[in-house]
Amino acid sequence: MSEEMIPDVEITSDVPEKKSLAELVKQFEELVQNEDRMKMSKEAESIKAAFYRILAKEKAEAENPEDASFVEIENVFKEIYNAYKKERSEYNRKLEKEAEENLALKEAVIADLKELVEKQEDVNETFPRFREIQDRWRNIGPVPPQNYRNINETYQLYVEQFYDMVKINRELRDLDFKKNLEAKEAFCAIAEKLAENEDVVAAFKELQKLHEQWKEFGPVAKEFRDSIWERFKAATSVINKKYQAFFEGIKAQQVENLAKKTVLCEKVEEIAAREVVNSNEWNAFSKEIEDIQQEWKTIGFASKKDNQKIYDRFRAACDSFYSRKRDFYMEYKDGMNANLEKKIALCEQAEQLKTSTEWKKTADQFINLQKQWKEIGTVPRKKSEQLWKRFRAACDEFFAERDKHAKPENDFYGNLKAKQRLVEEINAYELKGDESDFAAMSEFQKRWNEIGFVPFKEKDNIAKAYKDALSKFPSRSSRRNRPVRVQLSEMDRLIQKYHALEQDIVTYENNIGFFSMSKNSEPLIRQMQERIEKSKEELKSLAAQIKTLKEAEEQE
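The rules we used
Residues numbered from 1 in each chain as written. Predicted model: local features only at pLDDT ≥ 70, side-chain atom pairs only at ≥ 80, totals over all residues. Heavy atoms only, no water. Helix = DSSP H or I, 4+ residues; strand = E, 2+ residues; numbered from the N terminus. Contact = heavy atoms within 4.5 Å. Areas by Shrake-Rupley, 256 points an atom, 1.4 Å probe, with all protein chains shown as cover. Phe/Tyr/Trp six-rings, centres within 6.5 Å; stacked < 30°, edge-to-face > 60°. Buried < 20%, exposed > 50% of the residue type's maximum accessible area, 1.4 Å probe, protein only. Patch = residues over 30% accessible without salt bridge, like charges linked within 9 Å, V, L, I, M, F, W, Y side chains within 5 Å. Salt bridge = Lys/Arg side-chain N within 4 Å of Asp/Glu carboxyl O. Lys, Arg positive; Asp, Glu negative; His and termini not counted. Charge placed at Lys NZ, Arg CZ, Asp CG, Glu CD. Disulfide = S-S within 2.5 Å. Expected span 1.5 Å × (residues − 1). Arc of directions from axis to C-beta. Axes fitted to C-alpha atoms, helices over the stretch in contact; angles between N-to-C directions. Parallel < 35°, antiparallel > 145°, perpendicular 65-115°, else oblique. Left-handed = near helix turned anticlockwise from the far one by under 90°. Nonpolar A, V, L, I, M, F, W, Y, C, P; charged D, E, K, R; others polar. pLDDT = per-residue confidence, 0-100. Polar contact = N/O pair within 3.5 Å; in protein donor to acceptor, adjacent residues only side chain to side chain.

Attention shifts here to the overall build of the chain. The helix and strand tally for the chain stands at 17 helices and 0 strands. Considering only intrachain contacts with a sequence separation of at least 6, the fraction spanning at least 24 residues in the chain is 79%. Just so you have it, the chain exposes about 33,500 Å², and 50% of that area is on carbon and sulfur atoms.

Moving on to the packing of aromatic side chains. When we look at a pair of aromatic rings, we describe it by the centre distance and by the angle of the planes. For the coordinates displayed, the defined rule picks out 31 aromatic pairs. Considering the side-chain rings of phenylalanine 246 and phenylalanine 247, the 5.1 Å spacing of their centres and the 90° angle between planes classify their relative orientation as edge-to-face. For the ring pair phenylalanine 398 and phenylalanine 399, a centre distance of 5.2 Å and an interplane angle of 75° mean the geometry is edge-to-face. As far as burial versus exposure is concerned, phenylalanine 398 and phenylalanine 399 are alike and both buried.

What follows is about a negative patch on the surface. Residues Glu96, Glu98, Glu100 and Glu101 make up a contiguous surface patch of negative charge. With respect to the element layout, glutamate 100 can be found in helix α3 (residues 68-119).

The subject of this paragraph is the state of the cysteines. Enumeration according to the criterion identifies 0 disulfides in this entry. Free cysteine cysteine 318: the closest other cysteine sulfur is in cysteine 265, separated by 8.0 Å. Classification of cysteine 318 by relative accessible area gives buried; the value is 0%. Cysteine cysteine 347 remains unbridged, with the sulfur of cysteine 395 as its closest cysteine sulfur at 8.6 Å. Given the relative accessible area of 1%, cysteine 347 is considered buried.

Looking now at helix α11 (residues 359-375). End to end, α11 covers 24 Å across 17 residues, agreeing with the expected 24 Å (1.5 Å per residue, within 8%). Those residues of α11 not exposed but buried are Trp359, Thr362, Ala363, Phe366, Ile367, Leu369, Gln370 and Trp373. Down the axis, α11 shows its buried residues gathered within 165° of arc, on one side only. For α11, the exposed residues lying more than 90 degrees away from the buried face are Lys371 and Glu375.

For the rest of this paragraph, the subject is the pattern of salt bridges. Throughout the structure, instances matching the rule amount to 24 salt bridges. Where arginine 447 meets glutamate 425, a salt bridge forms, and the shortest distance between an N and an O atom there is 2.8 Å. With arginine 447 in helix α14 (residues 435-450) and glutamate 425 in helix α13 (residues 412-428), the pair connects residues that are 22 residues apart, well separated along the chain. Residue arginine 447 is classed as partly exposed on the basis of its relative accessible area of 30%.

Right, let's get into the packing of helix α10 (residues 304-353) against helix α12 (residues 381-404). For the pair α10 and α12, interaxial distance at closest approach is 9 Å and the crossing angle is 20°. Taken together, the axes of α10 and α12 lie roughly parallel to each other. With respect to the hand of their crossing, α10 and α12 are arranged in left-handed fashion. Contact residues: Leu340, Lys343, Ile344, Leu346, Cys347, Glu348, Ala350, Glu351 and Leu353 in α10; Lys383, Leu387, Arg390, Phe391, Ala394 and Phe398 in α12. Classifying every residue of the contact of α10 with α12 by side-chain character gives 10 nonpolar, no polar and 5 charged.

Right, let's get into helix α15 (residues 459-470). Look at α15: 17 Å from first C-alpha to last across 12 residues, which is about the 16 Å you get at 1.5 Å a residue. Lys459, Ile462, Ala463, Tyr466, Ala469 and Leu470 are the residues of α15 that are buried. In an axial view of α15, the angular spread of the buried residues amounts to 125°, which keeps them on one side of the axis. In this structure, α15 carries Asn461, Lys464 and Lys467 as exposed residues pointing more than 90 degrees from its buried face.

Let us now look at the environment of arginine 390. Inspection of the secondary structure assignment puts arginine 390 in helix α12. Those residues in contact with arginine 390, other than ones at most four positions away along the chain, are Ile344, Cys347, Glu348 and Glu351.

This paragraph deals with the confidence of the model for the chain. For the chain, the mean per-residue pLDDT works out to 80, and 86% of the residues sit at or above 70. Below pLDDT 50 for its whole length, residues 1-15 participates in 40 contacts with residues either more than four positions away or in separate chains. Counting contacts from residues 477-489, a segment whose pLDDT is below 50, to residues more than four positions away or on other chains yields 16 contacts.

In this section: the packing of helix α8 (residues 222-272) against helix α9 (residues 279-298). Relative orientation of the contacting elements α8 and α9 amounts to 165°, with a least axis distance of 11 Å. As far as their axial angle goes, α9 and α8 are roughly antiparallel. For the crossing formed where α8 meets α9, the hand is left-handed. In this structure, α8 contributes Lys261, Leu264, Cys265, Lys267, Val268 and Ile271 to the contact, and α9 contributes Phe285, Glu288, Ile289, Ile292, Glu295 and Trp296.

This paragraph deals with the side chain of asparagine 152. Structurally, asparagine 152 is set in helix α5 (residues 145-165). Judged by its relative accessible area of 5%, asparagine 152 falls in the buried class. Side-chain polar atoms of asparagine 152 contact the backbone oxygen of tyrosine 148, separated by 2.9 Å.

With respect to the helices, strands and loops of the structure, threonine 355 is situated in the loop between α10 and α11. Owing to a relative accessible area of 59%, threonine 355 belongs among the exposed residues under this scheme. For the pair threonine 355 and glutamate 401, spaced 46 residues apart in sequence, the C-alpha to C-alpha distance is 8.5 Å.

Right under this line is the structure:
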């Protein structure tokens with residue numbers, strides 16, 4: 001009797017990707033304490049693979065991949081895993097030894113059965129011995145897989161020869177056939193019930209056990225042999241087809257998963273190859289990588305032959321990105337430390353100069369130090385504000401002392417008070433909403449320009465206060481119920497240019513205040529003064545043009 005072969009298909013188990021290293025160690029500890037741990041090798045290898053993938057990821061993202069905590073937890077895992085591996089090796093050797101012993105025992109049973117068939121003694125003596133041989137066979141454990149089929153076929157051959165060749169008592173033979181038929185009918189009923197099971201994998205595994213049990217029983221009466229086997233084979237065929245369709249679906253899904261993961265690999269490889277010039281870009285690209293990694297986790301496995309390859313490709317692309325990022329920040333950190341040393345040196349130089357009374361020479365040196373300070377790049381954030389306050393304090397101390405010793409013609413503090421009073425006057429001015437506002441603004445600007453320089457440390461503050469006070473004035477005069485004409489647009493352009501020149505003059509004056517008292521800066525001061533004179537001349541011309549446009553407007 002031939003029996004239908006049952007396909008042996010391996011299912012790839014899921015891997016606990018979302019657990020921490022400590023959780024994986026604990027999970028492995030629980031596994032090695034399980035009574036069935038020797039049958040859980042796939043789970044053990046799955047945990048091991050997840051542990052080392054997560055360990056590699058955390059090392060890649062850590063500032064110090066050689067941190068002792070990584071070494072410690074890896075050693076703990078290795079110790080538990082190696083102990084389990086050693087125990088399993090012993091267990092497997094024991095199983096292999098038992099299988100070889102079982103093979104020898106079954107070969108001895110077959111030898112006894114063969115001898116019994118060949119003797120063809122009286123049935124009253126041979127049948128009890130035959131039953132005893134059957135019981136011995138069923139009580140023997142598994143044999144090596146490579147010997148399973150041959151040993152069972154040999155045994156079945158002699159069992160059938162015993163029933164066919166021995167002149168057995170019909171009553172005893174029929175009773176044995178009936179017993180075998182009842183057992184195989186029960187197997188058929190179980191198989192038919194399994195064919196309705198929605199859990200295809202579980203049904204398939206149970207079917208395999210039924211086939212093993214089927215082979216343990218002898219034949220049935222000839223008139224039932226074909227029908228009982230066809231019934232069992234029909235149920236087997238239904239389960240096998242469902243199982244095959246199930247795995248065809250898995251294969252199709254695995255192909256789709258491979259395609260999705262290939263796209264993600266290409267995205268990460270493209271990001272890893274980008275030119276990155278600053279930390280903001282690194283952070284943005286890191287977020288892209290993290291989003292892709294999260295998407296990767298939502299995609300199932302590829303086929304067994306492709307799954308590890310595509311994962312290695314993805315991991316390599318991620319590692320390449322994070323390796324470049326780590327190198328960038330190491331260089332960036334080194335650069336910031338170098339900048340830190342440079343700014344500390346400037347602070348020390350400024351502190352050495354701050355008590356000097358050589359006003360012209362030292363002011364020039366401070367200007368040079370400030371220029372160098374602006375040219376130096378970023379320093380560590382924790383030190384930046386502290387260093388700037390230190391440097392600025394030294395600068396302010398020198399210029400404050402210098403201003404105290406200014407010559408009468410350079411009354412910086414008197415100028416400051418005059419400009420403060422002017423700002424207060426501008427703030428107190430109430431807008432009329434007519435041409436008088438523009439005249440008032442022009443007068444304020446004229447008076448501001450006539451006031452001299454202020455102390456160095458106050459120039460930015462008073463300039464801002466002046467600008468804020470003037471901001472309330474309209475950019476042009478407005479008239480009610482009067483349509484806009486082309487000439488007014490030209491006036492807007494002239495007024496805008498007028499205000500821009502005023503701001504330029506303020507800037508030039510601030511620069512002169514900064515460079516004053518410095519002998520070496522006299523060419524720069526002359527240049528600023530020339531620009532101021534030129535701008536003032538241009539202001540007069542613009543004022544005349546604006547006045548002409550207004551007069552033309554009033555005559556219309």
